[in-house]
Amino acid sequence: MFTGIVEELGEIVRSTETGDDSALVAIRGPLVTSDARHGDSIAVNGVCLTVVDVDGGVFTADVMGETLRRTALGALRPGDPVNLERAAALNSRLGGHLVQGHVDGVGEVVAREPAAQWETVRFRLPAGLARYVVEKGSITVDGVSLTVAEVGDDWFSVGLIPTTLKLTVLGTKRVGDPVNLEVDVLAKYVERLLGDRTGEGAR
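Our subject in this report is the structure included herewith.

Calculation rules
- Residues numbered from 1 in each chain as written.
- Predicted model: local features only at pLDDT ≥ 70, side-chain atom pairs only at ≥ 80, totals over all residues.
- Heavy atoms only, no water.
- Helix = DSSP H or I, 4+ residues; strand = E, 2+ residues; numbered from the N terminus.
- Rg over C-alpha atoms; globule rule 2.2 N^0.38 Å.
- Buried < 20%, exposed > 50% of the residue type's maximum accessible area, 1.4 Å probe, protein only.
- Contact = heavy atoms within 4.5 Å.
- Areas by Shrake-Rupley, 256 points an atom, 1.4 Å probe, with all protein chains shown as cover.
- Lys, Arg positive; Asp, Glu negative; His and termini not counted.
- Charge placed at Lys NZ, Arg CZ, Asp CG, Glu CD.
- Core = buried A, V, L, I, M, F, W, Y, C linked by side-chain atoms within 4.5 Å.
- Phe/Tyr/Trp six-rings, centres within 6.5 Å; stacked < 30°, edge-to-face > 60°.
- Pairing = 2+ DSSP bridges.
- Salt bridge = Lys/Arg side-chain N within 4 Å of Asp/Glu carboxyl O.
- 1 Å grid on protein atoms, 1.4 Å probe; cavity = no way out; pocket = protein on both sides within 12 Å on 5 of 7 lines; lining within 4 Å.
- Points joined across faces, edges and corners; volume = space filled by probe spheres on them.
- Nonpolar A, V, L, I, M, F, W, Y, C, P; charged D, E, K, R; others polar.
- Axes fitted to C-alpha atoms, helices over the stretch in contact; angles between N-to-C directions.

### Focus on the overall build of the chain
For step 1, the next point in the chain: Each helix and strand counted, the chain has 3 helices and 12 strands in total.
For step 2, the next point in the chain: Taking 203 residues into account, the globule formula puts the C-alpha radius of gyration at 17 Å, and the chain, at 17 Å, falls close to it.
For step 3, the next point in the chain: Expressed as a percentage of the 203 residues in the chain, the buried residues total 41%.
For step 4, the next point in the chain: Residue pairs in contact within the chain that sit at least 24 positions apart in sequence constitute 68% of those at least 6 positions apart.
For step 5, the next point in the chain: Working note: accessible area of the chain is about 11000 Å², and carbon and sulfur atoms make up 51% of it.
For step 6, the next point in the chain: Across the chain, the mean location of the 20 positive side-chain charges is 2 Å away from that of the 29 negative side-chain charges.

Here it is as structure tokens:
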């Protein structure tokens, strides 16, 4: 479990194919590896990955074909920056919201509107996810916990403060770039529970 509060801006070191649809990815992150051990979880652009090895501030993780197909990790290349967050500790404050690190779909940056001290960014929503996104609700974009400013049938927008623009990959995302999206898990549970009560189940 994560909170969507990025701890460090890391970097892809290399990605090595280990089969027809899998890869071993090496990521530089001195902070998140400072206490990392084999088997620990680290979110990379919002995707929960399991640490295989740690060596000199670089950790490696296996990425399955399912993950490569359903997230934007497959588009990353050596040198690309990534948002990193270690799994949440039970004795720490929950600064963002409950984030599983299970990507629901890949969105896309469709517009950026700079302002004096912040920037409004609009993202395209994959089909089927809009029903889980509400104004003033929470959503995770590339591992960053954000508050939804506006939402439409196939899009939503957020406001990015200077800290987010400077310390996460969202500051450098361009129009057309893909992003990993995770909707609020509570919305999915509510839908399932209400569906069961009406006999319809989850759609």
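Okay, back to it.
### What about the nonpolar core?
For step 1, the next point in the chain: Residues Phe123, Val133, Ile139, Val141, Leu146 and Phe156 are the most contacted members of the largest nonpolar core, which totals 20 residues.
For step 2, the next point in the chain: Every element with two or more residues in this core is listed here: strand 8 (119-124), strand 9 (138-141), strand 10 (144-151), strand 11 (155-160) and strand 12 (178-183).
For step 3, the next point in the chain: Dropping the residues within four chain positions of it, valine 133 is found in contact with Leu125, Ile139, Val148, Val151, Phe156 and Val183.
For step 4, the next point in the chain: Ranked by size, the runner-up nonpolar core spans 18 residues in total, among them Ala23, Leu49, Val82 and Leu84.

### Side note on the packing of aromatic side chains
For step 1, the next point in the chain: Summed over the entire model, instances satisfying the criterion amount to 1 aromatic pair.
For step 2, the next point in the chain: Centre to centre, the rings of phenylalanine 123 and phenylalanine 156 are 5.3 Å apart; their planes meet at 25°, and the pair counts as stacked. Taken together, the residues phenylalanine 123 in strand 8 and phenylalanine 156 in strand 11 connect sequence positions 33 residues apart. In terms of burial, phenylalanine 123 and phenylalanine 156 fall into one category: buried.

### Observations regarding unusual backbone geometry
For step 1, the next point in the chain: Phi angles above zero are rare outside glycine, and lysine 136 is one such case at about 70°.
For step 2, the next point in the chain: Among the structural elements, lysine 136 can be located in the loop between strand 8 and strand 9.

### Some thoughts on the pairing of strand 9
For step 1, the next point in the chain: Note: strand 9 against strand 10, 4 bridges, orientation antiparallel. Across the sheet, residue isoleucine 139 finds its bridge partner in strand 10, namely leucine 146.
For step 2, the next point in the chain: Between strand 9 and strand 10, which follow one another and run antiparallel, lie 2 residues, and aspartate 142 among them has a positive phi close to 50°.

### Re the pattern of salt bridges
For step 1, the next point in the chain: Applying the stated criterion across every chain, the model contains 11 salt bridges.
For step 2, the next point in the chain: Here arginine 70 and glutamate 66 are joined by a salt bridge, their closest N and O atoms 3.2 Å apart. Here arginine 70 pairs with glutamate 66, and both are found in helix 1 (residues 65-70), just 4 residues apart, close to one helical turn.
For step 3, the next point in the chain: When its relative accessible area of 36% is taken as the criterion, glutamate 66 is described as partly exposed.

### Considerations on the layout of surface pockets
For step 1, the next point in the chain: As a volume, the largest pocket reaches approximately 340 Å³.
For step 2, the next point in the chain: Forming the boundary of the largest pocket are 18 residues, of which Val144, Ser145, Leu146, Ile161 and Thr164 lie nearest the centre.
For step 3, the next point in the chain: For the lining of the largest pocket, the secondary-structure elements that each account for two or more residues are strand 1 (8-19), strand 10, strand 11 and helix 2 (162-167).
For step 4, the next point in the chain: A total of 4 residues in the lining of the largest pocket trace back to one element, the largest contributor, which is strand 10.
For step 5, the next point in the chain: Taken together, the residues of the lining of the largest pocket break down into 9 nonpolar, 7 polar and 2 charged.

### Remarks on the sheet that holds strand 4 (residues 47-55)
For step 1, the next point in the chain: One closed barrel holds the 6 strands; their spatial order is 1-2-5-4-3-6, and the pairing between them is antiparallel. Strand after strand, the sheet turns through a mean of 45° between neighbouring axes, direction not considered.
For step 2, the next point in the chain: Strand direction decides the pairing type here: strand 1 and strand 6 (residues 81-86), joined by 4 bridges, are antiparallel. Directly across from glutamate 8, in strand 6, lies its bridge partner leucine 84.

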